Amino acid sequence: MSLTKIVVSDLHLADGVSVLECFGSRQQEAFEGLLHSQSGNVELIINGDCIDFLVTAPYDLHGKTNITMALQKLDKIIAAHEPFFAALHTFLELPEHSISFIVGNHDIELCFAEIRERICYAISGQTSHARIYFSPTRFYRPLPDVYIEHGNFYDFWNHTTDGLWDSAGQPITLTPSQIKLPVGSHYFQHAAHPISLKYAYFDHFEPSFNTMRQIALLSLLDPACIVETAHLTAQLMSYQRPVLANLAAGEEHIPLRLFEETLLDFVAFQEDMIAHKTDWHPTTSDMQISPEAIMEFTALRAALELPLVEAMAVICNPVTYQMGESVAHGMRAVLANDPSLRYAIAGHTHMKRNDTLNEGQQGEKGRQTYLNTASWTVRLAPPTPAEISAPQGQDLLSWLRAPDWQYNPLQDITQLTFALIVAEEGGPSQANLCTWEGGKDGHYHIAA
């Protein structure tokens, strides 16, 4: 019997109101088209960050979430996305179809039993259903040679296991009453949320902007926002640290000086978070200040002494996104530690990836592949130096300073990506990254 597994991640359904909502009509129509195109024995696997509890109010600024708060958020999200849950209901009407959920850092609340029951009810009208599955482990193996996890386990800022999973990814409890949020989630809700609301394009840039580049850009465009965020960030530290202590009067309006001092404070914040995160056992040194980070700092520092247009061109120049490399390193390690695996699949980074390991070793039998299914959120290309320096470049800079989402001058490079896995029962799996084109009547093609 032929088995089909469809793996999607990072749909990010929110309350339908905030500028941070990521699942709109374009995504909904494509999602319905993808589900309607499937027949036979099909399992839909949603690999984390399906329900975006993180960006949906209310917030708890103490870095924890509980069942009551999570249910308030979920009710808003379900009400805003009735067609999504209706599509899942229709998908389940075929008896060979099933749905599986894996936890991500934006929907860590799936660890609450009450949340799982509420989602199941929104889909099926029942609080439990034989073909709706929530993986209790940090990872999921739907086939003997396929391993799937969201990927945030390998990212310091979004890593979480405390009280939820042991070192092997097995659940410590299936009924927690409250959950400690990842460091990055606490930082977002307490300090960085105003930036995301005002400059939502940061969450959509591909390649993604790291924190250093965001600070550099906002030092040019909105110094007051940087100063406010620096003060809010300091409130999260375990000790009192003067904020921007070395800035002389008026220097907060000098982009270079503001960038230097803000970054010093952020590094101190990062070191404090690392020192107090007891469940973080890194396998790489990506949280240390690397030669590449020093080179990037030096380049950005020099750029901030240039005229505005030239400085912007340097800041928006794509660089390697370290978080994506950290997830890739972790998933490669999973493959290396288990030769029986053919595929390891993650999401989280919002960037598509297809890495082949052991190429040429023992032929097809020894080959292993890391796939990343990216995201269904809108992806935007950062402005190029040519766009910034063009005659209309000043309009672009004005938009970056005060975005008006009724008009978006940035290039839309969104791809609705998923992994398609096919296997004969008992046989080896074959997986490909695919892209859905069009809406309900669309089609997919294998991604290059």
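Check the entry above for the structure.
Residues numbered from 1 in each chain as written. Predicted model: local features only at pLDDT ≥ 70, side-chain atom pairs only at ≥ 80, totals over all residues. Heavy atoms only, no water.

K.L.:
Go over the side chain of Asp49, please, and point to the residues and values.
P.N.:
Note on placement: Asp49 falls in the loop between strand E2 (41–47) and strand E3 (64–66). One buried charged residue, Asp49, forms no salt bridge at all, with the nearest opposite charge on Arg379 at 11 Å. Sequence-distant contacts of Asp49, defined by excluding residues within four places in its chain, comprise Asp10, Leu11, His12, Gly104, Asn105, His106, Asp107 and His150. (Helix = DSSP H or I, 4+ residues; strand = E, 2+ residues; numbered from the N terminus. Buried < 20%, exposed > 50% of the residue type's maximum accessible area, 1.4 Å probe, protein only. Lys, Arg positive; Asp, Glu negative; His and termini not counted. Salt bridge = Lys/Arg side-chain N within 4 Å of Asp/Glu carboxyl O. Contact = heavy atoms within 4.5 Å.)

K.L.:
So, the environment of Asn152: which residues are in play, and what are the values?
P.N.:
Along the chain, Asn152 falls in the loop between strand E7 (146–149) and strand E8 (178–180). Each C-alpha atom, one on Asn152 and one on Ser326, is 9.4 Å from the other, the two residues being 174 residues apart in sequence.

K.L.:
So what's going on with the sheet that holds E7? Which residues, and what values?
P.N.:
Spatially, the five strands line up as an open sheet ordered E6-E7-E9-E11-E10, and their pairing is mixed. Every interior strand has two partners, whereas the edge strands, strand E6 (139–143) and strand E10 (352–357), have only one. The average angle at which neighbouring strand axes cross in this sheet is 15°, direction not considered. Bridge count between strand E9 (residues 343–346) and strand E11 (residues 368–373): four bridges; the pairing is parallel. Directly across from Ala346, in E11, lies its bridge partner Asn372. Each of E7, E9, E10 and E11 is contacted by helix H11 (residues 322–337), which is oriented at about 145° to E11, the strand it contacts most. (Pairing = 2+ DSSP bridges. Axes fitted to C-alpha atoms, helices over the stretch in contact; angles between N-to-C directions.)

K.L.:
Give a description of the environment of Val422 that names residues and reports values.
P.N.:
Position of Val422 among the secondary structure elements: in strand E14 (residues 416–424). According to the relative accessible area criterion, Val422 is partly exposed, its value standing at 34%. With sequence-adjacent residues up to four places away left out, Val422 is seen in contact with Ser2, Leu3, Thr4, Pro428, Ser429 and Gln430.

K.L.:
Can you break down helix H8 (residues 255–276) residue by residue, with the values?
P.N.:
The first and last C-alpha atoms of H8 sit 31 Å apart over 22 residues, in line with the 32 Å expected at 1.5 Å per residue. Taking burial as the measure, the 22 residues of H8 include 16 buried ones, the bulk of the element. (Expected span 1.5 Å × (residues − 1).)

K.L.:
Lay out a nonpolar patch on the surface in plain terms, naming residues and giving numbers.
P.N.:
Taken together, Val19, Leu197 and Trp405 make up a surface patch of nonpolar side chains, about 230 Å² in accessible area. Within the secondary structure, Val19 sits in the loop between strand E1 (2–8) and helix H1 (25–36). (Patch = residues over 30% accessible without salt bridge, like charges linked within 9 Å, V, L, I, M, F, W, Y side chains within 5 Å. Areas by Shrake-Rupley, 256 points an atom, 1.4 Å probe, with all protein chains shown as cover.)

K.L.:
With reference to specific residues and values, describe the packing of aromatic side chains.
P.N.:
Ring pairs (aromatic) are described by centroid distance and by the angle formed between their planes. According to the stated counting rule, one finds 27 aromatic pairs in the structure shown. A ring pair is formed by Phe139 and Tyr147, whose centres lie 5.2 Å apart and whose planes are at 20°; its orientation type is stacked. Looking at Tyr147, the relative accessible area reads 7%, which means it is buried. Here the aromatic rings of Trp399 and Trp405 are separated by 5.1 Å at their centres, their planes lie at 80°, and the arrangement is edge-to-face. Taking relative accessible area as the criterion, Trp399 reaches 5% and is therefore assigned buried. If you follow Arg138 out to its NZ or CZ, it ends over the ring of Phe153, 3.6 Å from the centre. (Phe/Tyr/Trp six-rings, centres within 6.5 Å; stacked < 30°, edge-to-face > 60°. Lys NZ or Arg CZ within 6 Å of the ring centre and 35° of its normal.)

K.L.:
Kindly report on the pattern of salt bridges, identifying the contributing residues and their values.
P.N.:
Once their charged atoms are close, side chains differing in charge can pair, the charge on each being opposite to the other. Enumeration over the complete set of coordinates arrives at 19 salt bridges. Here Arg332 ties to Asp355 by a salt bridge, and the two come within 3.4 Å at their closest N and O atoms. On the criterion of sequence distance, the pair formed by Arg332 in helix H11 and Asp355 in strand E10 is long-range, its members being 23 residues apart. As a salt-bridge pair, Arg353 and Asp355 come within 2.7 Å of each other at their nearest N and O atoms. With relative accessibility at 12%, the residue Asp355 sits in the buried group. Linked by salt bridges that have partners in common, Glu251, Arg257, Glu260, Glu261 and Arg301 make up one network.

K.L.:
Could you give an account of the pairing of E9, naming the residues involved and the relevant values?
P.N.:
Along any regular strand the residues' side chains alternate between the sheet's two faces. Every second residue of E9 is oriented toward a common face, with Tyr343 and Ile345 on one face and Ala344 and Ala346 on the other, all of them buried. Examined bridge by bridge, E7 and E9 share three bridges and lie parallel to one another. Counterpart to Ile148 in the pairing with E9 is Ile345.

K.L.:
Give a detailed account of the nonpolar core, specifying residues and quantitative values.
P.N.:
Of all hydrophobic cores here, the largest spans 49 residues; its most connected members are Leu11, Phe31, Leu44, Phe84, Phe101 and Ile119. If we skip the residues at most four places from it in the chain, Ile119 touches Ile51, Leu74, Phe85, Phe101, Leu110 and Phe134. (Core = buried A, V, L, I, M, F, W, Y, C linked by side-chain atoms within 4.5 Å.)

K.L.:
Outline the packing of H1 against helix H3 (residues 82–92), supporting the account with residue identities and numerical values.
P.N.:
Look at H1 against H3: their axes get within 10 Å of each other, and the N-to-C directions meet at 0°. One element, H1, and the other, H3, form an angle in the roughly parallel class. For the pair H1 and H3, contact is made by Gln28, Phe31, Glu32, Leu35 and His36 and by Pro83, Phe84, Ala87, Leu88, Thr90 and Phe91, respectively. In terms of residue class, the contact of H1 with H3 is made up of seven nonpolar, three polar and one charged. (Parallel < 35°, antiparallel > 145°, perpendicular 65-115°, else oblique. Nonpolar A, V, L, I, M, F, W, Y, C, P; charged D, E, K, R; others polar.)

K.L.:
I'd like a rundown of the state of the cysteines, residues and numbers included.
P.N.:
Enumeration over the complete set of coordinates arrives at zero disulfides. Cys50 supplies the cysteine sulfur nearest to Cys22, a cysteine that is in no disulfide, at a spacing of 12 Å. For Cys22, a relative accessible area of 15% corresponds to the buried category. For Cys120, which is in no disulfide, the shortest distance to another cysteine sulfur is to Cys50 and amounts to 14 Å. Residue Cys120 is classed as buried on the basis of its relative accessible area, which comes to 2%. (Disulfide = S-S within 2.5 Å.)

K.L.:
Would you mind going over the sheet that holds strand E5 (residues 132–134) in detail, with residue names and values included?
P.N.:
Here we have seven strands laid out as an open sheet, ordered E5-E4-E2-E1-E14-E15-E16, and mixed in their pairing. For this open sheet the edge positions go to E5 and strand E16 (443–446), each flanked by a neighbour on one side alone. Ignoring which end each strand starts from, the neighbouring axes of this sheet average 25° apart. As defined by bridge partners, E1 adjoins E2 across six bridges and the pair is classed as parallel. From the neighbouring strand, Leu3 faces E2, where its bridge partner is Asn41. Along the sheet, helix H4 (residues 113–124) contacts strand E4 (97–102) and E5; its crossing angle with E5, the most-contacted strand, is approximately 160°.

Any functional reading would require information beyond the geometric quantities listed.
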